[in-house]
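Reading the structure
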Number of protein chains: 2
Amino acid sequence: MAEIEKNTCCDDGHTHMAADVVQRFPKEETLYNLAELFKVFGDATRIKILYALFESEMCVCDIACLLGMTQSAISHQLRVLKQSRLVKFRREGKSVIYSLADSHVSTMLGQGMEHIQE
Amino acid sequence: MAEIEKNTCCDDGHTHMAADVVQRFPKEETLYNLAELFKVFGDATRIKILYALFESEMCVCDIACLLGMTQSAISHQLRVLKQSRLVKFRREGKSVIYSLADSHVSTMLGQGMEHIQE
DNA sequence: TAAACATATGAACAAATGCTCATATGTTTA
DNA sequence: TAAACATATGAGCATTTGTTCATATGTTTA
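Computed from a predicted model, the values in this text were never measured in an experiment.

1. Describing the packing of helix H2 (residues 44-55) of chain B against helix H3 (residues 60-67) of chain B
Residues and elements named next belong to chain B. Contact pair H2 / H3: the axes reach a minimum separation of 11 Å and the direction vectors enclose 115°. Crossing hand, H2 versus H3: right-handed. Residues Thr 45, Lys 48, Ile 49, Ala 52 and Leu 53 of H2 pack against Ile 63, Leu 66 and Leu 67 of H3. Among the residues forming the contact of H2 with H3, the class breakdown is six nonpolar, one polar and one charged.

2. Considerations on the interface of chain B and chain A
At the junction of the two partners, chain B supplies 64 residues and chain A supplies 64 residues. Across the chain B/chain A interface, buried area totals approximately 5,700 Å², and carbon plus sulfur atoms make up 70% of it. Connecting chain B to chain A are four salt bridges. A salt bridge links Arg24(B) to Glu55(A); the nearest nitrogen and oxygen atoms lie 2.3 Å apart. Inspection of the region where chain B meets chain A yields 12 residue pairs in polar contact (both at pLDDT 80 or more). Mapped by element, the contributors of at least two residues to the side of chain B that touches chain A are helix H1 (28-41), H2, strand S1 (58-59), H3, strand S3 (95-100) and helix H5 (103-116) of chain B. No other element matches the 11 residues that H1(B) contributes to the side of chain B that touches chain A.

3. With respect to the sheet that holds S1(B)
Residue and element names in this part refer to chain B. As summarised here, the arrangement of the three strands in space is S1-S3-S2, forming an open sheet in which the pairing is antiparallel. If you trace the sheet from one side to the other, it starts and ends with S1 and strand S2 (87-92), each paired once. Pairing of S2 with S3 involves six bridges; the strand directions are antiparallel. Bridge pairing links Glu 92 to Ser 95 in S3.

4. Overview of the side chain of Glu55(B)
Its location among the elements puts Glu55(B) in helix H2. If sequence neighbours within four positions are ignored, Glu55(B) has contacts with Val21(A) and Arg24(A).

5. Some points on helix H5 (residues 103-116) of chain A
Along an α-helix, residues three or four apart share an orientation, since each turn contains 3.6 residues. Between its first and last C-alpha, H5(A) extends 20 Å over 14 residues, near the 20 Å set by a 1.5 Å rise per residue. Every buried residue of H5(A) is listed here: His104(A), Val105(A), Met108(A), Leu109(A), Gln111(A), Gly112(A), Met113(A) and His115(A). Buried residues in H5(A) make contact with helix H1 (28-41), helix H2 (44-55) and strand S3 (95-100) of chain A together with H1 and H5 of chain B. For H5(A), the capping residue at the N-terminal end is Asp102(A), with a side-chain oxygen 2.8 Å from the backbone nitrogen of His104(A).

6. Considerations on the protein's contact with DNA strand C
Around DNA strand C, a shell composed of 28 residues is seen, among which Ser72(A), Tyr98(A), Thr45(B), Ser72(B) and Gln77(B) lie nearest. Counting only the atoms of DNA strand C within 4 Å of the protein, the fraction contributed by sugar and phosphate is 66%. Side-chain polar atom of His76(A) to a base oxygen of DNA strand C: 2.8 Å apart, as the coordinates give it. Separating a phosphate oxygen of DNA strand C from a side-chain N or O atom of Thr70(B) is a distance of 3.1 Å. At six residues, helix H4 (residues 71-83) of chain A tops the list of elements feeding residues into the surface near DNA strand C. Here the surface near DNA strand C is composed, by residue class, of seven nonpolar, 12 polar and nine charged.

Cut-offs used in this document
Residues numbered from 1 in each chain as written. Chains lettered and ligands numbered in written order. Predicted model: local features only at pLDDT ≥ 70, side-chain atom pairs only at ≥ 80, totals over all residues. Heavy atoms only, no water. Axes fitted to C-alpha atoms, helices over the stretch in contact; angles between N-to-C directions. Helix = DSSP H or I, 4+ residues; strand = E, 2+ residues; numbered from the N terminus. Left-handed = near helix turned anticlockwise from the far one by under 90°. Contact = heavy atoms within 4.5 Å. Nonpolar A, V, L, I, M, F, W, Y, C, P; charged D, E, K, R; others polar. Buried area = accessible area lost by both parts, 1.4 Å probe. Salt bridge = Lys/Arg side-chain N within 4 Å of Asp/Glu carboxyl O. Polar contact = N/O pair within 3.5 Å; in protein donor to acceptor, adjacent residues only side chain to side chain. Pairing = 2+ DSSP bridges. Expected span 1.5 Å × (residues − 1). Buried < 20%, exposed > 50% of the residue type's maximum accessible area, 1.4 Å probe, protein only. Near = heavy atom within 4 Å.

Have a look at this one:
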């Protein structure tokens, strides 16, 4: 974030920005983490996985089958979803059953859906 | 999306998936568009721009100054935000003033924030 | 315990992405 | 109208990303 005590970019001193905008601006790290979270949603495969799990919990194999993709590709993406704590999982015999981690996930999917359907 | 009348991936016939999951699965195009939308949120620079505009409408120059980035970089990103209809703009003299397009944007930012702060 | 099954993961590669630099377009002012 | 200012954009480049392929890890069953 930059220092803007003195306008050096718009050096004629004009600015449409209120003075306190800079103060209450979130921390660099917070915004970076927020972007990283959205990035996880920003892939068609991962969105499909999340939507599938929204309908019903499933094992890796079932997801791969439903989406018509390889087990490896799905597993790699589930890893990303796990790291962002968007999905949780439990082992059940040979299978690992995945499901959505919390309600934020479906809320975000819902808000996104609303936006694109206007 | 794949056909799963007969389980060929989990060929022992096991599946934890309810039969109607496939039917009510959203269209390929819809999920692709949804992912594209989230992708726009999935970049730190664009998130910063959106957050800045959440605080106050601003011209390109002000955003660049606030974020400590070049005018060109900001302008390129505003183009992306425009295309996704996340920001709107009006010309005012030499400047172009940008602002958030609608309430979905702040709602999505808010939900994301909630998730990362747990 | 060996074989079969289910999932995870590392390396490699092609495609997508974000920034910089140079320059074009559009607006105001001297 | 020329110069200054504000913004937009194309090309190039380095980085990131998603998939595939091969293989490792973990679990069940014969």
